[in-house]
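# Observations on chain architecture
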Amino acid sequence: DVKVTQSSRYLVKRTGEKVFLECVQDMDHENMFWYRQDPGLGLRLIYFSYDVKMKEKGDIPEGYSVSREKKERFSLILESASTNQTSMYLCASSPYAENYGYTFGSGTRLTVV
Amino acid sequence: GQNIDQPTEMTATEGAIVQINCTYQTSGFNGLFWYQQHAGEAPTFLSYNVLDGLEEKGRFSSFLSRSKGYSYLLLKELQMKDSASYLCAVRKPRSGNTPLVFGKGTRLSVIA
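Figured I'd write up the structure that's included with this text.

What counts and how
- Numbering of residues starts from 1 in every chain and runs along the sequence as written.
- The order in which chains are written sets their letters, starting at A; the order in which ligands are written sets their numbers, starting at 1.
- Totals for whole chains, interfaces and linings use all residues, but because this is a predicted model, local features are given only for residues with pLDDT of at least 70 and pairs of side-chain atoms are given and counted only at 80 or more.
- To obtain the side-chain values, all non-hydrogen atoms of the structure were used and water was disregarded.
- Only strands joined by at least two bridges in the DSSP assignment are considered to pair.
- A run of H or I in DSSP becomes a helix once it reaches four residues, and a run of E becomes a strand once it reaches two; helices and strands are each numbered from the N terminus.
- Whenever a helix is involved, its axis is fitted only over the stretch in contact; in every case the axis is a line through C-alpha atoms, and angles between N-to-C directions fall within 0 to 180 degrees.
- Whether two residues are in contact is decided by their heavy atoms: any pair within 4.5 Å suffices.
- Accessible-area loss on putting two parts together, using a 1.4 Å probe and summing over both, is the definition of buried area adopted here.
- Salt bridge, as used here: a side-chain nitrogen of Lys or Arg that lies within 4 Å of a carboxyl oxygen of Asp or Glu.
- The definition of a polar contact used here is a pair of N or O atoms within 3.5 Å, where within protein one atom must be able to donate a hydrogen and the other to accept one, and adjacent residues in sequence count solely through side-chain atom pairs.

### Focus on the sheet that holds strand 7 (residues 64–70) of chain A
Residue and element names in this part refer to chain A.
- The four strands are arranged 1-3-8-7 in an open sheet whose pairing can be described as antiparallel. If you trace the sheet from one side to the other, it starts and ends with strand 1 (4–6) and strand 7, each paired once. Pairwise comparison of adjacent strand axes, ignoring direction, gives a mean angle of 20° for this sheet.
- As defined by bridge partners, strand 1 adjoins strand 3 (residues 19–25) across three bridges and the pair is classed as antiparallel. Along strand 3, the bridge assignment pairs Thr 5 with Val 24.

Here it is, written out as structure tokens:
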């Protein structure tokens, strides 16, 4: 019954590596989002997409990029991983409707060493 | 600008009632959401308010006052499994694809 799938639960990468975090949803939702969650800071929006090949910056896009080639898949890319990108990354999707909230994936805990 | 405030931590006793408050100051408003997040897990949807008043869903209720920029989540008959973080999130007006802005969450501990 999994609806939003993130490819990795735990990930350890080295500083400077290019990192891909994948998210797939099977609910035919238009909107997809990437957040990071850090203690004391809550969820912060990195990027979101409301259509295939469309993307918009969130509050903290620096050091990240995204790709949405297909409706069901939204990828987050860390161009050159740094230790301050160690975090829990959460993907979410929602339909194009104001009264619908998000469905979240189970998260990827990324550690950059 | 946008600012969403919630208490950082709360403790309550099993079987009791607890109210978690959320105040917001945002440039526009188009709905407020509450999510529950157990440690190490993803947030799950609890409730949605867009009009003033109380929405009840089993043991959980959520209240909204738009004029005061205020909401609360009410949990009745607390159970140990209710120990979790509770996140308040606001959607600003634009359309159905506007991202949610989250508060930092309230960590609730239910004790025996």
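### Some thoughts on the interface of chain B and chain A
- The interface of chain B with chain A comprises 19 residues on the first partner and 26 residues on the second.
- Both faces combined, the contact of chain B with chain A buries some 1800 Å², and carbon together with sulfur accounts for 53% of it.
- Here chain B is connected to chain A by zero salt bridges.
- There are five residue pairs in polar contact (both at pLDDT 80 or more) connecting chain B and chain A.
- Residue assignment for the side of chain B that touches chain A shows that the elements contributing at least two residues are strand 4 (32–37), strand 9 (84–91) and strand 10 (100–102) of chain B.
- Top element by residues in the side of chain B that touches chain A is strand 4 of chain B. It accounts for three residues.

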